[in-house]
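Inside the fold
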Amino acid sequence: SSSSRNEALKDKRTQILTRGLPKQKPIEGVKQVLVFASGKGGVGKSTTAVNIALALAANDSTKEVGLLDADIYGPSIPKMMNLKGNPELTSKNLMRPLKNYGIACMSMGFLIEEAAPVVWRGLMVMSAVEKLLRQVDWGQLDYLVIDMPPGTGDVQLSVSQNIPIAGAVIISTPQDVALLDARKGAEMFRKVHVPVLGLVQNMSVFQCPKCKHETHIFGADGVRDLAETLGLDILGDIPLHVNIRETSDSGQPVVISQPQSDA
């Protein structure tokens, strides 16, 4: 029948397509990988990823947590985690992550000068990502949090297709132009069969420290509306707060330096 012929064609097509994809191989010693992504840059993705990694460790002291900065062009984890220096090499020629606040961290920022731009073409970037994933001695980790670069390009696809990922978290501000890209990010993960755990609405409201008046600088509830459209959960609603920004810039993220604060 035509329906069974169509089904056979569909199976054949799937086989051909999957043949060209890299085989997923777990990172040695890592139990679960969580990726933090955004369509647009500047929405607070790295700040959120850093604080989530610290919160995972703070909530359960038996858990070992690692943090991988997959943003080759604009690594920000070294500054936020107050880390400097080059990774040491093990006897197996693997890089040893730098550690602070109990979190093992790896970033392109440890391998280049702080002010040096990475002027590379795609193939070199992919090679660097592969090294950061495979040539690091993570030890035994319960969670590896990956801070993805913004967008839906080579790095995101390569990471998603090369390693098994437990789930992706999409971070966005409620602004329309950010939401357009956040939606693309969510759809990309669905295409490559990575479960999207939910969305985080960042910089949702600003409260004046003097008069306490609240202003929705980037609009209100945009991420909530998008989550509803996509059938996804809202995992958190983070205000635009000077403490969150200042503590990240000073290398003392708010989860560590001000754990009892509202922020």
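Below is a short write-up of the structure. Just so it is clear, the structure is predicted and the values come from calculations on it, not from any experiment. (Residues numbered from 1 in each chain as written. Predicted model: local features only at pLDDT ≥ 70, side-chain atom pairs only at ≥ 80, totals over all residues. Heavy atoms only, no water.)

Some remarks on the overall build of the chain
Here is the rule we go by: The way it works is that DSSP assigns letters per residue, a run of H or I at least four long becomes a helix, a run of E at least two long becomes a strand, and they are numbered from the N terminus. Each radius of gyration reported is based on C-alpha atoms, and the globular scaling rule is 2.2 Å times the count of residues to the power 0.38. Accessibility here uses a 1.4 Å probe with only protein chains present; expressed as a share of the type maximum, an area under 20% marks a residue as buried, one over 50% as exposed, and anything in between as partly exposed. Between two residues, a contact is recorded if the distance between any of their heavy atoms is within 4.5 Å. Accessible surface is estimated by sampling points in the Shrake-Rupley manner with a 1.4 Å probe; for residues, cover comes only from the protein chains shown. Think of it this way: Lys and Arg go in the positive column, Asp and Glu in the negative one, and His and the chain ends go nowhere. By convention, the point assigned to a charge is CZ for Arg, NZ for Lys, CD for Glu and CG for Asp.
Along the chain, the regular secondary structure elements total nine helices and 10 strands. Taken over C-alpha atoms, the radius of gyration comes to 20 Å for the chain, in line with the 18 Å a tight globule of 263 residues would show. Residues classed as buried in the chain amount to 43% of the 263 residues present. Counted over contacts in the chain with a minimum sequence separation of 6, partners at least 24 positions apart contribute 75%. Element-wise, carbon and sulfur atoms account for 52% of the exposed surface of the chain, whose accessible area totals about 14400 Å². Each charge sign in the chain was given a centre, from 27 positive and 27 negative side chains, and these centres are 8 Å apart.

With respect to the environment of Lys40
Let me state the cut-off plainly: Here a polar contact means two N or O atoms within 3.5 Å. Within protein one must be a hydrogen donor candidate and the other an acceptor candidate, and residues neighboring in sequence count only if both atoms are side-chain atoms.
Of note, Lys40 is situated in the loop between β1 (30-37) and α2 (45-59). As for Lys40 and Ala178, which are separated by 138 residues in sequence, their C-alpha atoms are 5.8 Å apart. Every residue in contact with Lys40, bar those within four places of it in the chain, is listed here: Pro150, Val177, Ala178 and Asp181. Reaching out from Lys40, the side chain makes a polar contact with the side chain of Asp181 at a distance of 3.1 Å.

Side note on the side chain of Ser248
Here Ser248 is to be found in helix α8 (residues 242-249). For Ser248, a relative accessible area of 4% corresponds to the buried category. Setting aside its immediate chain neighbours within four residues, Ser248 contacts Thr47, Asn51, Lys79 and Met80.

As for the sheet that holds strand β5 (residues 141-147)
Formally: The rule for pairing is simple: two strands pair if DSSP sees at least two bridges between them. Between N-to-C directions, angles cover 0 to 180 degrees, with each direction set by a line fitted to C-alpha atoms, over the stretch in contact for helices.
Taken together, the eight strands give an open sheet; going across it, the order is β3-β4-β2-β5-β1-β6-β7-β10, and neighbouring strands pair in mixed fashion. The sheet is open, and its two borders are formed by β3 (98-100) and β10 (234-237), each paired with just one other strand. The mean inter-strand angle of the sheet, taken between neighbouring strand axes irrespective of direction, is 25°. Judged from the three bridges that link them, strand β7 (residues 196-201) and β10 form a sheet pairing that is parallel. Within β10, the position partnered with Leu199 by the bridge is Ile234. Sitting on the sheet, helix α6 (residues 176-191) touches β1, β6 (167-172) and β7, and the angle it makes with β6 is about 175°.

Quick notes on the environment of Trp138
Tracing the chain through its elements places Trp138 in the loop between α4 (122-134) and β5. As a C-alpha pair, Trp138 and Ala263 span 125 residues in sequence and 30 Å in three-dimensional space. Not counting chain neighbours up to four residues away, the residues in contact with Trp138 comprise Ile27, Val30, Gly66, Leu67, Leu68, Pro97, Ala104, Cys105, Met106, Leu132, Leu133 and Leu144.

Section: α2
Stated precisely, the cut-off is as follows: A helix's residues, less one, multiplied by 1.5 Å, set its expected span.
Over its 15 residues, α2 extends 21 Å from the first C-alpha to the last, a length consistent with the 21 Å expected when each residue adds 1.5 Å. All of the buried residues along α2 are Lys45, Ser46, Thr47, Thr48, Ala49, Val50, Asn51, Ala53 and Leu54.

What about the environment of Lys31?
Looking at the secondary structure, you find Lys31 in strand β1. Each C-alpha atom of the pair Lys31 and Asp142 lies 5.0 Å from the other, and the pair is 111 residues apart in sequence. Setting aside residues no more than four positions away along its own chain, Lys31 makes contact with Leu141 and Asp142. Separated by 3.3 Å, the side chains of Lys31 and Asp142 make a polar contact.

Things to note about the pattern of salt bridges
Basically, it comes down to this: Salt bridges are defined as contacts in which a side-chain nitrogen from Lys or Arg sits within 4 Å of a carboxyl oxygen from Asp or Glu.
Evaluation of the coordinates by the stated rule reveals 10 salt bridges. Here Asp181 ties to Lys40 by a salt bridge, and the two come within 3.1 Å at their closest N and O atoms. Highlighted residues: Asp181 in helix α6 and Lys40 in the loop between β1 and α2, separated in sequence by 141 residues. Its relative accessible area of 17% is what places Asp181 among the buried residues. Under the relative-accessibility criterion, Lys40 is labelled partly exposed at 31%.

Quick notes on the packing of α6 against helix α7 (residues 222-230)
Put simply, the test is: Put simply, angles under 35 degrees are roughly parallel, angles over 145 are roughly antiparallel, angles from 65 to 115 are roughly perpendicular, and the rest are oblique. Should the near helix be turned anticlockwise from the far one by less than a right angle, the crossing is termed left-handed; should it be turned clockwise, right-handed.
Where α6 contacts α7, the two axes come as close as 11 Å, and the packing angle between them is 30°. Considering the angle they form, α6 stands roughly parallel to α7. Remark: the crossing between α6 and α7 carries right-handed chirality. Listed contacts from α7 to Leu179, Ala182, Arg183, Ala186, Glu187 and Arg190 of α6 are Gly222, Val223, Leu226, Thr229 and Leu230.

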